[in-house]
Amino acid sequence: MSCSSPLRCSLYFLALCFAIVAPSASAEPRRLTNDGLVKTSPTFLDRSGDELLYVVEDLPTRMRLMRLRPADGKSEPVHPDETRSEFEPACSPDGRMLSFVQNRGNLNLVLVIREPATKKEVAINVGSGFAGPRSPTFTPDGASVVYSSADEGRQHLFTVGLDGKDPKRTVDSAGVNNWPNVSPDGKQLVFGSSRDSDFELYAAALDGSNARRLTHSPGQDIRPRLSPDGKRVAFTSARDGNYEIYVMNLDGTEVRRLTNHPERDDYAAWHPTGRRLVIVSERSGKHDLYEIDVP
């Protein structure tokens, strides 16, 4: 290219640089449910990405596990005859095992580890009150479950085998530790913690050692989920004054906001391809599952 003036050359190169670095516009979110009921905790059933589980408040006093096929929009209860509240589902990567929190009485929450094909299950009961287990997630080999539970005045992370015996405390600090998620290679753990007064995201080795802080924002950073390749973390943050979905590298760099809406966007779940997320999004006071692209 020949430039007739220094100004024209400068404008040309400025336009060229902008074209290279400007992010491409994301496609419109695809709506997966349409009932508008309160929903939480989407998670894909297995690595195929053909089905996912989520939680819906179908009655004022009940949270129910649901199973959805995004391809045709068909949704049905996981346990049709269950009358108790069940929430926070987690699936082993091969889809063979299911874990979730179940309400078995007044302020009595238990962690259930179940094999749906055989209906065999174990339940971890840490006692009544608000100290019940929360936020289960499987290790990549499907042999263990990591979860959050209160003990000795703090909320720790524990790891337990599929038999539910002898849970091992792995993350112990001041404050609340919650929302664990294990990297695909089984070596690292991401989680939220209030140890520094405000909820921030941390990473550590699977045994809880070498904990390091990933986020530093004035608003809460919660519910981290590692991408299928283990390189990025999707999470919910209120850093801009409203709960939105963000993504960053595992070392905390290159934080990028993915949603921008005056109501709440929350509960990100990676599609097994690593190119999309399923989230719970509030629109005009109604809550539904949406699928969004990850640039």
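Rules used in this analysis
Residues numbered from 1 in each chain as written. Predicted model: local features only at pLDDT ≥ 70, side-chain atom pairs only at ≥ 80, totals over all residues. Heavy atoms only, no water. Pairing = 2+ DSSP bridges. Helix = DSSP H or I, 4+ residues; strand = E, 2+ residues; numbered from the N terminus. Axes fitted to C-alpha atoms, helices over the stretch in contact; angles between N-to-C directions. Buried < 20%, exposed > 50% of the residue type's maximum accessible area, 1.4 Å probe, protein only. Phe/Tyr/Trp six-rings, centres within 6.5 Å; stacked < 30°, edge-to-face > 60°. Lys NZ or Arg CZ within 6 Å of the ring centre and 35° of its normal. Polar contact = N/O pair within 3.5 Å; in protein donor to acceptor, adjacent residues only side chain to side chain. Contact = heavy atoms within 4.5 Å.

**Q** What am I meant to see in the sheet that holds strand β2 (residues 39-44) here?
**A** In a beta sheet, neighbouring strands are held together by backbone hydrogen bonds and run either parallel or antiparallel to one another. Ordered by their spatial adjacency, four strands build an open sheet running β2-β3-β4-β5, and the pairing between neighbours is antiparallel. In the strand order of this sheet, the two ends are held by β2 and β5 (74-77), each with one partner. Strand-to-strand twist of the sheet, defined as the mean angle between neighbouring strand axes without regard to direction, takes the value 30°. The pairing of strand β3 (residues 52-59) with strand β4 (residues 62-69) spans six bridges and is antiparallel. Its bridge partner lying in β4, L52 is registered against L68.

**Q** I tried to follow the sheet that holds strand β19 (residues 232-237) on my own but got confused; where do I start?
**A** Within the open sheet, the four strands sit side by side as β18-β19-β20-β21. Their pairing is antiparallel. The outermost strands of the open sheet, each flanked by one partner alone, are β18 (221-226) and β21 (256-257). For strand β20 (residues 244-249) and β21, the ladder comprises two bridges, and the chain directions are antiparallel. When the sheet's bridge partners are listed, Y246 is paired in β21 with R257.

**Q** So what exactly am I meant to see when it comes to the pairing of strand β12 (residues 154-161) here?
**A** Put simply, side chains in a regular strand alternate between the two faces of the sheet. Of all eight residues making up β12, six are buried, and the element is well covered by its neighbours. Two strands pair when backbone bridges link them, and strand β11 (residues 144-151) and β12 are joined in this way by eight bridges, in the antiparallel orientation. By the bridge assignment, D151 is partnered in β12 with R154. Direction of pairing for β12 relative to strand β13 (residues 168-171): antiparallel, over a ladder of three bridges. Residue pairing in the sheet places L157 in a bridge with V171 of β13.

**Q** Which parts of the structure should I look at to understand the packing of aromatic side chains?
**A** With the rule as written, the count across this model stands at four aromatic pairs. Centroid distance F235 to Y246: 5.8 Å. Interplanar angle 20°. Geometry classified as stacked. In this pair, F235 is assigned in strand β19 and Y246 in strand β20, connecting sequence segments eleven residues apart. The two residues F235 and Y246 agree in class, both being buried. Sitting over the face of the ring of Y202, R195 holds its NZ or CZ atom 4.7 Å from the ring centroid. Across the ring face of Y243, the terminal group of R264 is positioned such that the distance to the ring centre comes to 3.8 Å.

**Q** Would you mind showing me how to read the side chain of R223 here?
**A** Structurally, R223 is set in strand β18. Among the polar contacts made by the side chain of R223, one reaches the side chain of D266 at a distance of 2.7 Å. Those residues within four positions of R223 in sequence are excluded, and the remaining contacts are W179, A234, F235, T236, R264, D266 and Y267.

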